[in-house]
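Structural overview for review
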Amino acid sequence: MLNVGVLASGSGSNFQAIIDEVAAGRLNCQIKLLIVDNPNAYAIERAKRHSIECLYINPDEFPTEDIFFIKVAMELRARDVELVVLAGFMRIVGKLLVDAFPGKIMNIHPALLPSFPGLYSQKQAIDYSVKISGCTVHFVDEGVDTGPVIIQAAVPVSPEDTEKTLSERILKLEHKILPEAIRLYAEGRLKIKGRVVKIEGCETRNECIINPPLR
Ligand code: GRF
(Lines give C-alpha, C1' and ligand atoms only; values in the text may rest on other atoms or scores of the structure.)
Protein backbone atom coordinates (compact mmCIF):
# COMPACT_ATOMS: atom_id res chain seq x y z
CA MET A 1 0.00 0.00 0.00
CA LEU A 2 1.40 3.39 -1.03
CA ASN A 3 2.29 5.76 1.82
CA VAL A 4 1.19 9.29 0.93
CA GLY A 5 2.05 12.59 2.62
CA VAL A 6 -0.05 15.68 1.84
CA LEU A 7 0.96 19.35 2.05
CA ALA A 8 -1.81 21.96 2.24
CA SER A 9 -2.21 25.62 3.12
CA GLY A 10 -5.94 26.26 3.03
CA SER A 11 -9.38 24.71 2.74
CA GLY A 12 -8.05 21.24 1.84
CA SER A 13 -10.90 20.26 -0.49
CA ASN A 14 -8.40 18.37 -2.67
CA PHE A 15 -7.10 16.67 0.48
CA GLN A 16 -10.71 15.73 1.26
CA ALA A 17 -11.12 14.29 -2.23
CA ILE A 18 -8.17 11.98 -1.57
CA ILE A 19 -9.57 11.00 1.85
CA ASP A 20 -12.93 10.21 0.27
CA GLU A 21 -11.44 8.03 -2.48
CA VAL A 22 -9.40 6.07 0.08
CA ALA A 23 -12.48 5.65 2.32
CA ALA A 24 -14.51 4.42 -0.66
CA GLY A 25 -11.88 1.76 -1.36
CA ARG A 26 -11.05 3.27 -4.76
CA LEU A 27 -7.57 4.45 -3.84
CA ASN A 28 -5.19 1.92 -2.36
CA CYS A 29 -2.99 4.19 -0.27
CA GLN A 30 -2.51 5.30 3.30
CA ILE A 31 -2.37 9.00 4.10
CA LYS A 32 0.42 8.97 6.68
CA LEU A 33 0.64 12.70 7.38
CA LEU A 34 -0.80 16.10 6.57
CA ILE A 35 1.64 19.02 6.84
CA VAL A 36 0.27 22.57 6.83
CA ASP A 37 2.17 25.86 6.80
CA ASN A 38 -0.90 27.75 8.03
CA PRO A 39 -2.34 27.14 11.55
CA ASN A 40 -5.79 28.23 10.37
CA ALA A 41 -5.96 25.88 7.41
CA TYR A 42 -9.33 24.11 7.39
CA ALA A 43 -7.43 21.09 6.10
CA ILE A 44 -6.43 20.55 9.77
CA GLU A 45 -10.08 19.94 10.69
CA ARG A 46 -10.42 17.47 7.85
CA ALA A 47 -7.37 15.54 9.11
CA LYS A 48 -8.70 15.48 12.69
CA ARG A 49 -12.09 14.22 11.48
CA HIS A 50 -10.39 11.27 9.79
CA SER A 51 -7.73 10.60 12.46
CA ILE A 52 -4.93 11.54 10.08
CA GLU A 53 -1.79 12.84 11.78
CA CYS A 54 -1.39 16.56 11.13
CA LEU A 55 1.69 18.72 11.65
CA TYR A 56 1.73 22.51 11.52
CA ILE A 57 5.25 23.54 10.59
CA ASN A 58 5.67 27.31 10.90
CA PRO A 59 8.01 28.60 8.15
CA ASP A 60 8.73 31.70 10.26
CA GLU A 61 10.49 29.52 12.83
CA PHE A 62 13.24 28.66 10.34
CA PRO A 63 16.08 30.97 9.27
CA THR A 64 15.58 30.11 5.60
CA GLU A 65 12.91 28.46 3.46
CA ASP A 66 15.47 25.76 2.56
CA ILE A 67 15.74 24.74 6.20
CA PHE A 68 11.95 24.77 6.45
CA PHE A 69 11.78 22.29 3.58
CA ILE A 70 14.49 20.13 5.14
CA LYS A 71 12.28 19.87 8.22
CA VAL A 72 9.30 19.01 5.99
CA ALA A 73 11.34 16.32 4.21
CA MET A 74 12.51 14.85 7.52
CA GLU A 75 8.98 14.57 8.89
CA LEU A 76 7.78 12.93 5.67
CA ARG A 77 10.71 10.50 5.62
CA ALA A 78 10.16 9.66 9.30
CA ARG A 79 6.74 8.31 8.33
CA ASP A 80 8.02 6.38 5.30
CA VAL A 81 6.12 8.59 2.88
CA GLU A 82 6.63 7.39 -0.72
CA LEU A 83 4.58 10.01 -2.57
CA VAL A 84 4.20 13.68 -1.58
CA VAL A 85 1.02 15.42 -2.79
CA LEU A 86 0.76 19.21 -2.84
CA ALA A 87 -2.98 19.80 -2.41
CA GLY A 88 -3.61 23.52 -2.32
CA PHE A 89 -0.10 24.19 -0.97
CA MET A 90 0.79 27.81 -1.59
CA ARG A 91 4.57 27.69 -1.45
CA ILE A 92 7.00 26.84 -4.22
CA VAL A 93 8.77 23.77 -2.87
CA GLY A 94 12.51 24.16 -2.87
CA LYS A 95 15.22 22.06 -4.51
CA LEU A 96 15.90 20.32 -1.20
CA LEU A 97 12.43 18.75 -1.03
CA VAL A 98 12.47 17.94 -4.76
CA ASP A 99 15.88 16.25 -4.35
CA ALA A 100 14.65 14.34 -1.28
CA PHE A 101 11.69 12.97 -3.28
CA PRO A 102 12.79 12.84 -6.95
CA GLY A 103 9.82 12.08 -9.22
CA LYS A 104 7.74 11.57 -6.11
CA ILE A 105 6.02 14.92 -5.64
CA MET A 106 2.72 15.75 -7.36
CA ASN A 107 0.91 19.07 -7.54
CA ILE A 108 -2.60 20.07 -8.62
CA HIS A 109 -2.78 23.35 -10.51
CA PRO A 110 -6.06 25.10 -11.48
CA ALA A 111 -5.12 25.81 -15.11
CA LEU A 112 -4.01 23.97 -18.24
CA LEU A 113 -0.23 24.32 -17.85
CA PRO A 114 1.87 25.77 -19.27
CA SER A 115 -0.84 28.41 -19.42
CA PHE A 116 -1.29 30.55 -16.33
CA PRO A 117 1.32 29.20 -13.91
CA GLY A 118 1.67 30.61 -10.41
CA LEU A 119 -1.06 32.19 -8.34
CA TYR A 120 -4.56 33.39 -9.33
CA SER A 121 -4.59 31.16 -12.41
CA GLN A 122 -8.37 31.31 -12.70
CA LYS A 123 -8.25 35.14 -12.71
CA GLN A 124 -5.45 35.04 -15.29
CA ALA A 125 -7.70 32.90 -17.52
CA ILE A 126 -10.68 35.25 -17.07
CA ASP A 127 -8.53 38.31 -17.78
CA TYR A 128 -7.12 36.66 -20.90
CA SER A 129 -10.67 35.72 -21.93
CA VAL A 130 -9.76 32.17 -22.92
CA LYS A 131 -12.52 29.81 -24.13
CA ILE A 132 -11.14 26.72 -22.40
CA SER A 133 -9.31 26.33 -19.12
CA GLY A 134 -9.03 23.51 -16.65
CA CYS A 135 -6.62 21.84 -14.26
CA THR A 136 -3.37 19.92 -14.34
CA VAL A 137 -1.71 17.33 -12.14
CA HIS A 138 2.04 17.35 -12.68
CA PHE A 139 5.19 16.07 -11.09
CA VAL A 140 7.03 18.83 -9.26
CA ASP A 141 10.47 19.95 -10.34
CA GLU A 142 12.46 22.97 -9.19
CA GLY A 143 10.46 25.40 -11.30
CA VAL A 144 7.10 27.08 -10.74
CA ASP A 145 4.45 24.65 -12.06
CA THR A 146 6.92 23.41 -14.71
CA GLY A 147 7.17 19.69 -13.99
CA PRO A 148 6.08 16.86 -16.34
CA VAL A 149 2.31 16.78 -16.88
CA ILE A 150 0.47 13.68 -15.70
CA ILE A 151 -3.24 14.41 -16.30
CA GLN A 152 -5.20 17.40 -17.50
CA ALA A 153 -8.93 18.06 -17.65
CA ALA A 154 -10.64 20.93 -19.45
CA VAL A 155 -13.66 23.11 -18.80
CA PRO A 156 -15.35 25.72 -21.02
CA VAL A 157 -15.03 29.39 -20.06
CA SER A 158 -17.79 31.85 -20.95
CA PRO A 159 -17.60 35.66 -21.08
CA GLU A 160 -20.05 35.74 -18.17
CA ASP A 161 -17.70 33.73 -15.97
CA THR A 162 -16.12 35.29 -12.93
CA GLU A 163 -13.01 34.11 -11.05
CA LYS A 164 -15.44 32.50 -8.57
CA THR A 165 -17.61 30.65 -11.09
CA LEU A 166 -14.61 29.40 -13.02
CA SER A 167 -12.77 28.33 -9.84
CA GLU A 168 -15.79 26.34 -8.69
CA ARG A 169 -16.09 24.62 -12.09
CA ILE A 170 -12.39 23.75 -12.18
CA LEU A 171 -12.31 22.61 -8.55
CA LYS A 172 -14.89 19.88 -9.25
CA LEU A 173 -12.49 18.39 -11.84
CA GLU A 174 -9.47 18.85 -9.58
CA HIS A 175 -11.19 16.56 -7.11
CA LYS A 176 -11.35 13.90 -9.82
CA ILE A 177 -7.96 14.08 -11.52
CA LEU A 178 -5.80 14.38 -8.39
CA PRO A 179 -6.99 11.08 -6.87
CA GLU A 180 -6.80 9.52 -10.35
CA ALA A 181 -3.16 10.56 -10.72
CA ILE A 182 -2.34 9.15 -7.28
CA ARG A 183 -4.14 5.90 -8.20
CA LEU A 184 -2.11 5.58 -11.40
CA TYR A 185 1.07 6.19 -9.42
CA ALA A 186 0.05 3.64 -6.77
CA GLU A 187 -0.57 1.10 -9.56
CA GLY A 188 2.93 1.78 -10.95
CA ARG A 189 1.49 2.94 -14.28
CA LEU A 190 3.25 6.32 -14.52
CA LYS A 191 6.57 6.21 -16.36
CA ILE A 192 8.50 9.49 -16.58
CA LYS A 193 10.94 10.00 -19.45
CA GLY A 194 12.17 13.58 -19.55
CA ARG A 195 9.06 15.73 -19.89
CA VAL A 196 6.90 12.83 -21.02
CA VAL A 197 4.75 10.92 -18.52
CA LYS A 198 3.51 7.73 -20.17
CA ILE A 199 0.45 6.14 -18.62
CA GLU A 200 0.73 2.38 -19.03
CA GLY A 201 -2.51 0.71 -20.13
CA CYS A 202 -3.58 3.95 -21.77
CA GLU A 203 -1.71 3.39 -25.01
CA THR A 204 -3.70 5.21 -27.69
CA ARG A 205 -2.79 8.89 -27.77
CA ASN A 206 -6.44 9.93 -28.19
CA GLU A 207 -7.35 8.18 -24.98
CA CYS A 208 -4.66 10.07 -23.07
CA ILE A 209 -4.69 13.41 -24.83
CA ILE A 210 -7.11 14.85 -22.26
CA ASN A 211 -6.82 12.41 -19.42
CA PRO A 212 -7.36 8.71 -18.86
CA PRO A 213 -11.00 7.68 -18.34
CA LEU A 214 -12.02 8.88 -14.91
CA ARG A 215 -13.62 6.10 -12.96
C1 GRF B 1 -7.34 24.79 -5.66
O2 GRF B 1 -7.85 25.45 -6.80
C3 GRF B 1 -5.95 24.29 -5.97
O4 GRF B 1 -5.78 23.95 -7.33
C5 GRF B 1 -5.12 25.47 -5.63
O6 GRF B 1 -5.69 25.92 -4.40
C7 GRF B 1 -7.12 25.79 -4.51
C8 GRF B 1 -7.72 25.37 -3.20
O9 GRF B 1 -7.41 24.05 -2.99
N10 GRF B 1 -3.73 25.12 -5.51
P11 GRF B 1 -7.95 23.24 -1.69
O12 GRF B 1 -9.46 23.45 -1.59
O13 GRF B 1 -7.26 23.84 -0.50
O14 GRF B 1 -7.59 21.83 -1.97
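Preceding this section is the structure that the text describes.
Residue positions are given per chain, counting from 1 as you read along its sequence in written order. Residue-level local features of this predicted model are given only where pLDDT is at least 70; pairs of side-chain atoms are given and counted only at 80 or more, and the full residue set underlies all totals for whole chains, interfaces and linings. In computing side-chain properties, one takes all heavy atoms of the structure into account and sets aside hydrogens as well as water.

Remarks on the pairing of strand E1 (residues 2-8)
Taken across its seven residues, E1 has seven buried, putting it largely inside the fold. Note on pairing: two strands pair once DSSP finds at least 2 bridges between them. A run of H or I in DSSP becomes a helix once it reaches four residues, and a run of E becomes a strand once it reaches two; helices and strands are each numbered from the N terminus. Here E1 pairs with strand E2 (residues 29-36) via seven bridges, running parallel. When the sheet's bridge partners are listed, Asn-3 is paired in E2 with Gln-30. In this fold, the crossover linking E1 to E2 by way of helix H1 (residues 13-23) has right-handed handedness. Only protein chains enter the accessibility calculation, which uses a 1.4 Å probe; a residue whose area is less than 20% of its type maximum is buried, one above 50% is exposed, and one in between is partly exposed. Whether a crossover is right-handed depends on one test, that the path from the first strand over the helix to the second runs clockwise when the strands point away from the viewer.

Quick look at the site of the ligand
For each residue, the test is whether any non-hydrogen atom lies within 4 Å of the molecule or strand; if one does, the residue is near. In the vicinity of the ligand, the contacting residues are Ser-11, Gly-12, Ser-13, Asn-14, Gly-88, Met-90, Ile-108, Pro-110, Gln-122, Leu-171 and Glu-174. Any pair of N or O atoms that falls within 3.5 Å is considered a polar contact. Within protein, one atom must be able to donate a hydrogen and the other to accept it, and sequence-neighbouring residues count only if both atoms are side-chain atoms. In the environment of the ligand, an oxygen atom lies 2.5 Å from a nitrogen or oxygen atom belonging to the side chain of Ser-13. Mapped by element, the contributors of at least two residues to the shell around the ligand are H1 and helix H6 (163-186). Looking at the shell around the ligand residue by residue, the classes come out as four nonpolar, six polar and one charged. Looking at which domains feed residues into the shell around the ligand, each of domain 1 (1-102) and domain 2 (111-136 + 152-215) gives three or more. The residue classification treats Ala, Val, Leu, Ile, Met, Phe, Trp, Tyr, Cys and Pro as nonpolar and Asp, Glu, Lys and Arg as charged. All others, Gly included, are polar. Domain start and stop positions are those given by an automatic or database domain assignment.

A word on the side chain of Gln-152
One can find Gln-152 in strand E7 (residues 149-156). From its side chain, Gln-152 meets the backbone oxygen of Leu-113 in a polar contact 3.0 Å long.

A short note on the pattern of salt bridges
We count a salt bridge whenever a side-chain nitrogen from Lys or Arg sits within 4 Å of a carboxyl oxygen from Asp or Glu. Tallying each qualifying case throughout the model produces 14 salt bridges. Asp-161 is paired through a salt bridge with Arg-169; the nearest N and O atoms lie 2.8 Å apart. Given a relative accessible area of 8%, Asp-161 falls into the buried group. For Glu-187, the salt bridge goes to Arg-189, with nearest N and O atoms at 3.2 Å.

Here's the deal with helix H3 (residues 65-78)
To estimate how far a helix should extend, the number of its residues minus one is multiplied by 1.5 Å. The end-to-end C-alpha distance of H3 is 20 Å, a good match for the 20 Å that 14 residues give at a rise of 1.5 Å each. All buried positions along H3 are accounted for by Phe-68, Phe-69, Val-72, Ala-73, Glu-75 and Leu-76. Projected down its long axis, H3 carries its buried residues within an arc of 165°, all on one side. Summarising the geometry of H3, the exposed residues directed more than 90 degrees from the buried face are Met-74 and Ala-78. Structurally, H3 contributes buried residues whose contacts are with E1, E2, strand E3 (54-56), strand E4 (83-86) and helix H4 (95-100). With its phi angle positive at about 55°, Asp-80 sits one or two positions after the end of H3. Arc definition: directions from the helix axis to the C-beta atoms. By definition in these notes, contact holds between two residues if any of their heavy atoms fall within 4.5 Å.

Don't take any of this as a statement about function, it's just geometry.
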